[in-house]
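Next come the chains, spelled out residue by residue.
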Amino acid sequence: MPSRPPAYPLAIALAFGSSVLAVGTALALDLPLRDPDGIAGPAYVRLPAIVIAFFVADVVPRALLRNRGLSGYRGVLSEVVRERWTARRTILVAVGLASFYATYVSYRNLKSALPFVRERLYDGALLDLDRAMLLGNDPSTVLHSLLGTGVSAHVLSAVYLLFLAFVPLSLGAALVWARTARVGAFYVTALSLNWLFGTASYYLVPSLGPVFVRPELFADLPGTGVTALQGTLLETRVEVLADPAAADTIQGIAGFASLHVSIVFTGLLVAYRLGLHGLVRTAMWVFLVTTVLATVYFGWHYVVDDIAGLAIGAFAVWLAARSTSLPKRVADPEPAAA
């Protein structure tokens, strides 16, 4: 049987190209390059830790089931590790993780540089478009009236913040638990494409988002994790614009398009592409719909931002599947490290 072409060339190319672009932009504008810390620490610590956790969850239960007890467990565990984690597969997982990380860090730094490259903002036009689509009404105001500003705000806040865990956890699952390593390459490539298409959209139509240009529309919302995050991001943006070298972080505000929506939609399409359980697909539908609602409800995005996010997610999945030669039926026989 002829071997399939390598799975990671596009992901590696995206990582290299985005890194060169981020470094070049920083040098041209005299901006610092920074590692974007997450809620659980730096990504270069957080992502490997997640993969290691999935690795343990992959081999330990298999060894326990095979051994049917603790006697002689170490030998069986070593056997399972050798079977499941060949040198080739381990290298592919490391390549996938490194490619994702390089692209993500580049995306965050390019997003932070946006105000220094494109000063003009298109929020006025996007606000007008939102109102035209809803016959003169602000979409966020409509949602506040329909859903209320009590329990709904806290539920939608939790959904929005769940995204922060969804990306690294889904990445770990794809790299470690997928039927083949090619599936992991497919998902890494799809995520990387999302970051870079999203970056291009930020530069194409620079905007902040409704909550940052019309805060009075959101004054009645209660304090939630999302509102706290919005306040922090606004403070950080002011600090970076005042003195990017002195600021100890990067600015992270950009409206068009919504990468929350694009990546959750990517996750949904991937669930269908891989034939995951119906409960998983249903959960992803709920996650997508509530994420779309949350982005508008809290004023992160205009409606057109979410529409663009759906388009980015769909195109990223299509291109990633083509570039990794992912079989239409992933359950087809294929070596684990292929």
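You'll find the structure just up there.
Basis of the calculations
Within each chain, residue numbers correspond to sequence positions counted from 1 in written order. Per-residue local features of the predicted model are confined to residues with pLDDT of at least 70, and side-chain atom pairs are confined, for both listing and counting, to 80 or more; whole-chain, interface and lining totals are unaffected and use all residues. Just so you know, side-chain values use all the structure's heavy atoms and leave hydrogens and water out. Helical segments are the DSSP runs of H or I of at least four residues, strand segments are the runs of E of at least two, and each set is numbered from the N terminus. Only protein chains enter the calculation, and the probe is 1.4 Å; a residue is then buried if its accessible area is under 20% of its type maximum, exposed if over 50%, and partly exposed in between. Only heavy atoms matter for contacts: two residues are in contact if any of them lie within 4.5 Å across the pair. Put simply, two rings from Phe, Tyr or Trp (the six-membered ring, in Trp's case) pair if the centres are within 6.5 Å, and we call them stacked under 30 degrees between planes, edge-to-face over 60, tilted for the rest. A positively charged side chain is recorded as over a ring if its NZ (Lys) or CZ (Arg) lies within 6 Å of the ring centre. The angle to the ring normal must also be within 35 degrees. Expected span, for any helix, means 1.5 Å times one less than how many residues it has. An arc is given here, and it is the one of the directions from the helix axis to the C-beta atoms.

Some details on the side chain of Thr324
Working step 1: Examined against the element boundaries, Thr324 turns out to sit in the segment after α13 (303–323).
Working step 2: By relative accessible area, which is 0% here, Thr324 ends up buried.
Working step 3: Excluding anything up to four places from it in sequence, Thr324 contacts Ala7, Arg182, Ala185, Phe186 and Thr189.

Some details on the packing of aromatic side chains
Working step 1: For the structure on display, the rule yields 14 aromatic pairs.
Working step 2: Their ring planes at 80° and their centres at 4.6 Å tell us that Phe54 and Trp177 sit as a pair that is edge-to-face. You can see Phe54 sitting in helix α2 (residues 43–67) and its partner Trp177 sitting in the loop between α7 (151–176) and α8 (181–204), a full 123 residues away along the chain.
Working step 3: Residue classification places Phe54 among the buried residues on the basis of a relative accessible area of 13%.
Working step 4: Its relative accessible area of 46% is what places Trp177 among the partly exposed residues.
Working step 5: Connected via pairs of aromatic rings, a cluster forms that spans Phe100, Tyr104, Tyr107, Trp195 and Tyr202.
Working step 6: Against the face of Trp85 rests Arg89, its NZ or CZ located 4.6 Å from the ring centre.
Working step 7: Note that Arg281 overlies the ring of Tyr272, its terminal NZ or CZ placed 5.1 Å from the centroid.

What about helix α1 (residues 9–29)?
At 3.6 residues per turn, the α-helix brings residues three or four places apart onto the same side.
Working step 1: The first and last C-alpha atoms of α1 sit 30 Å apart over 21 residues, in line with the 30 Å expected at 1.5 Å per residue.
Working step 2: Along α1, the residues that are buried comprise Ala11, Leu14, Ala15, Ser18, Ala22, Thr25 and Ala26. On an axial view of α1, the arc spanned by its buried residues comes to 110°, and they lie on one face. Residues of α1 that are exposed and point more than 90 degrees away from the buried face comprise Phe16, Leu27 and Ala28.
Working step 3: Taken together, the buried residues of α1 touch α4 (87–117) and α8.
Working step 4: Trailing α1 by a residue or two, Asp30 shows a phi angle of about 55°, which is positive.

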